[in-house]
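One-letter residues, chain by chain:
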Amino acid sequence: MLETIWFVLWGVLWAGYFVLDGFDLGMGTLMPFLAKNEFDKRTIYNAGGPFWDGNEVWLIAAGGVTFAAFPLAYATMFSGLYSALMLLLFALIIRGVSYEFRSKVESVGWRSLWDACHTVGSFLPALLLGVAFANLFHGLPLDEQHVNQSGLIYLLNPYGLLGGVFFVAMFALHGALWLAIRATGDIKARAVSAAGKLWPAVLVLVLAFLAYSFVHTQLFGNYLKNPPLFLILILAVAGLLAARVYLAAGKLWLAWTGSAVFIACVALFGVVGLFPAILISTLNPAWSLTIMNASSSPLTLKIMLGVALVFVPIVIAYQFWVYKNFSGPIEGEKELEY
Amino acid sequence: MDALMLSRLQFAAATMFHFLFVPLTLGLSVLIACMETAYARTGKPVYRRMAKFWGKLFLINFTLGVVTGITLEFQFGTNWSRYSAYVGDIFGSLLAIEATAAFFLESTFIGVWHFGWDKLSPKAHAITAWLVAGASNLSAVWILIANGFMQNPLGFVLRNGRAELDDFVAVITNPWAWNEFVHVVAGGFCVATFFIAGISAWHLLRKQNEELFAKSMRLALTVGFLATVVVAVQGHMHGNLVAKLQPAKMAAMESHWETVKNAPMYLLQIPDEKNERNLVQALPVPSLLSILAFSDPNAEVKGLKDFAPADRPPVGITFIAFRIMVGIGTLMPLLMLFGLWKRDNLASVPTYLKAMVWAMPLPYLGMEAGWTVAEVGRQPWIVQGLMRTADAVSPITAGQAGSSLVAMVLLYTLLGAAGAYLMVTAARKGPQDA
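A quick note: this is a predicted structure, and the numbers were derived from the prediction, not measured.

If you tally the helices and strands in chain B, you get 14 helices and eight strands. For chain B, whose C-alpha radius of gyration is 23 Å, the value lies close to the compact-globule estimate of 22 Å for 434 residues. For chain B, the spread of C-alpha atoms along the principal axes amounts to about 65 × 50 × 40 Å. The proportion of buried residues among the 434 residues of chain B is 53%. Intrachain contacts of chain B at a sequence separation of at least 6 include 77% that bridge at least 24 residues.

Here the focus is the overall build of chain A. Of regular secondary structure, chain A possesses 13 helices and two strands. A principal-axis box enclosing the C-alpha atoms of chain A has dimensions of 60 × 40 × 40 Å. Considering chain A as a whole, with its 338 residues, one finds that 56% of them fall into the buried category. When contacts within chain A are restricted to residue pairs at least 6 apart in sequence, long-range pairs at least 24 apart make up 79% of them.

Now for the interface of chain B and chain A. The partner chain A presents 52 residues to the 49 residues of chain B that form the contact. Counting residues per element, the ones that place at least two in the side of chain B that touches chain A are α3 (45-78), α4 (81-115), β2 (162-165) and α14 (398-429) of chain B. Broken down by element, the residue count for the side of chain B that touches chain A peaks at 22 residues, all from α4 of chain B. Split by residue class, the side of chain B that touches chain A holds 27 nonpolar, 18 polar and four charged.

Below, the discussion takes up the confidence of the model for chain A. In this model, chain A carries a mean pLDDT of 94, and residues with pLDDT of at least 70 account for 100%. Mean pLDDT per element in chain A: helix α7 (residues 152-155) of chain A is the minimum at 88, and helix α8 (residues 158-182) of chain A is the maximum at 97.

Residue and element names in this part refer to chain A. One way to put it is that helix α6 (residues 108-138) packs onto α8 with a least axis distance of 7 Å and a crossing angle of 135 degrees. Our classification of the angle between α6 and α8 gives oblique. In this structure, the crossing between α6 and α8 has a hand that is right-handed. Here F123, A126, L127, L129, G130, V131, F133, A134, N135 and H138 of α6 lie close against α8, whose contacting residues are Y159, G160, L161, L162, G163, G164, V165, F166, F167, V168 and F171. Residues that form the contact of α6 with α8 fall into these classes: 15 nonpolar, six polar and no charged.

As a further point, take the nonpolar core. Judged by nonpolar contacts, the single largest core of 276 residues is most densely connected at L173, A176, L177, L179, A191, A195 and L279 of chain A. Tallying contributions element by element places α4 of chain B first for this core, with 21 residues.

Confidence in the prediction of chain B, expressed as mean pLDDT, is 94, and 100% of residues score 70 or more. Complex prediction metrics read pTM 0.94 and ipTM 0.92.

Residues and elements named next belong to chain B. Two elements in contact, helix α2 (residues 22-42) and α3, have axes whose closest approach is 9 Å; the angle formed by their N-to-C orientations is 155 degrees. Judged by the angle between their axes, α2 and α3 are roughly antiparallel. By crossing handedness, the relation of α2 to α3 is classed as left-handed. Facing V22, L24, T25, L28, S29, I32, M35, E36, A38, Y39 and T42 of α2, the residues of α3 in contact are Y47, R48, M50, A51, W54, G55, F58, N61, F62 and G65. Class assignment for the residues of the contact of α2 with α3 results in 13 nonpolar, six polar and two charged.

In this section: the environment of L304 of chain B. Along the chain, the position of L304 of chain B falls in the loop between β6 (300-301) and α11 (315-341). Note: C-alpha distance between L304 of chain B and E258 of chain B (46 residues apart in sequence) is 6.6 Å.

Residue and element names in this part refer to chain B. Following the sequence through the fold, K261 ends up in strand β3 (residues 260-261). The exposed category is assigned to K261, around which 12 C-beta atoms lie within 10 Å. Through-space distance from the C-alpha of K261 to that of K302 is 8.8 Å; in sequence the pair is 41 residues apart.

Now for unusual backbone geometry. P276 of chain A follows F275 of chain A through a cis peptide bond whose omega is 0 degrees. Its location among the elements puts P276 of chain A in the loop between α12 (252-274) and β1 (277-279). In this structure, the amide linkage connecting Q379 of chain B to the following residue, P380 of chain B, adopts the cis form with an omega of 5 degrees. As for its position among the elements, P380 of chain B is in the loop between α13 (361-376) and β7 (381-383).

So, about the pairing of β2 of chain B. All names here are of chain B. Only one face of β2 is covered, namely the face carrying A163 and L165; the face carrying R162 and E164 is uncovered. Pairing between strand β1 (residues 156-159) and β2: four bridges, direction antiparallel. Its bridge partner being in β2, F156 is matched across the sheet by L165. If you look at the hairpin formed by β1 and β2, you'll find two residues sitting between the two strands, and N160 has a positive phi there, around 55 degrees.

What counts and how
- Residues numbered from 1 in each chain as written.
- Chains lettered and ligands numbered in written order.
- Predicted model: local features only at pLDDT ≥ 70, side-chain atom pairs only at ≥ 80, totals over all residues.
- Helix = DSSP H or I, 4+ residues; strand = E, 2+ residues; numbered from the N terminus.
- Rg over C-alpha atoms; globule rule 2.2 N^0.38 Å.
- Buried ≥ 20, exposed ≤ 12 C-beta atoms within 10 Å, placed from the backbone.
- Contact = placed C-beta atoms within 7 Å.
- Nonpolar A, V, L, I, M, F, W, Y, C, P; charged D, E, K, R; others polar.
- pLDDT = per-residue confidence, 0-100.
- Axes fitted to C-alpha atoms, helices over the stretch in contact; angles between N-to-C directions.
- Parallel < 35°, antiparallel > 145°, perpendicular 65-115°, else oblique.
- Left-handed = near helix turned anticlockwise from the far one by under 90°.
- Core = buried A, V, L, I, M, F, W, Y, C linked by C-beta atoms within 7 Å.
- Pairing = 2+ DSSP bridges.

This is the structure we're talking about:
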């Protein structure tokens, strides 16, 4: 039971990370397409400015919880995906630094350098997270000692790549909607229009990804056994539809919320499909890591559950407060900190 | 080189680079919160300008600390997966608690702090500063409890082929961790106060913004003197703990080969690790090592020869790092004390002000040397007495570890250079508008 609760919490933390960091990764990816001048660029940096740091901690927390609740899965996953993970970390480093460094020096060369870092550092994590999670959904060639017998190239199989492209598009839509909320003037109009164009692409990609998952993975097994679980998928679709409807109606906050629900449900869809496995071995099902053979001791799980039940709601409460108070429209130069 | 050695180098590079930024965050966050509190209370604009000026430097430093911290957490999985699987039940939960209870708070409110100058009242902004400062130091608590477990493992039981949690209270009340916490946080205040003092001295020499920098200087000298004394005094107590629980590290710190009572300390000493002796050994202070290690001149201090060669830490590095740390630890309070003595007439001692500009790297160097003693001196163990570093490394190839090491060093060097450039530029420019 404790293991199951932790498995769900594990999924929720990843979903939280995708929803929150997803939009600033998406904005960074779209920057070269949406920003036409210096003010536009700074608007993008400042639209994510007060939040990116707190958002990234969701990744730390998701990683930390993997470590705490399922240490063997943490060990296997992070060492098994070594090169992809290192790339992800380096990309996130240059992305984070670009926020702080970029506007500090008034030189075109300096700023374009950090703009490039920002875009690459946003696009690459989106892609890698998609590739990595698609591969987790399918499984990795883990041997009896749970050692991954494949490298970076293996991850770039068609299903993995589809997952990567899907994540990039999904985050880009999410980012365009966020930028539409916070920007004013021309760039806001461009963000709205970009969201409108990205939406059908995301729809096609999610359908393709689901169809591919159906034939290529075991994800649907749990759903066919427990049809009420299909509610997660229905919610995902509803979120995506809501994003389109509210975008057309000009209700941007609701559109973004729809996109957030969509992203969270996509993540949860995969995680619930995996249950009770965390890392599937494609070589032999007995070599998979599950919530039973990879979890921490009951005492650790109990203590950590207490910590999570106290602190996660507190975190959500103060982050909600920050979002509520710091996400108004960016009207002019005066409001730019970055 | 094999994956083990490359992973060790990578961990050293990642940690040492990360720890260029963490100590300043620990100390400066609190000092900025004090400045903001002064502003909220008195309404004097100079305090706001102070907080904004130091805050600008703080943010550059903070960002580098945050992004390099992520690498650290994930490295346990990427490069030390066997370690992670073996002690994750305890170690992993400490890192997870750090993220949920402290790091979230710190990282969320740094955004509020940064973007809230005009949105929040001075009082609310000061509270935000205290939240960031409190959360940073709370982070240090959990990280050092985690490191404390590696240095002095407590509260576990060997079960199911791994170390499992047995007594959570024992883990979080580990005396080693709390000694380390005091030492590191006081060290953080040394870094922050030398940072403020050095930059203030530079401006005072040029007679720019004298009110602001005189106030900053006074704050730095007062807090700095206290911090340097705490580091030194508590460092001695910490040394007692090392002598008791990690005698091999203690012996390596002093390149002490033979077990003797009334062990002297040699002021001039050159270790010769290969031949298990010291090449040069002169100027003994009688019984000083016994006193340093056990606060008792008659105490017996174990020599390295009492440990099998496979159980000894690298002597040269540990020895040199320890001497650097202690040397700097002795010099720092003297520098602060002199400044305090002349505090009302600093302009009359320009040489001192110049020296303080050049003294800025000292506590940084002391920090890095201190961690080198702590981590290299613990070898060959990754968890003292429980797991060897050689058994902890991931099943990765030397190619993987080597390429990520090269990439990391390159990236960090560039980032470090860019960050240093920005810090120096902003520090020289001085305070801008209010």
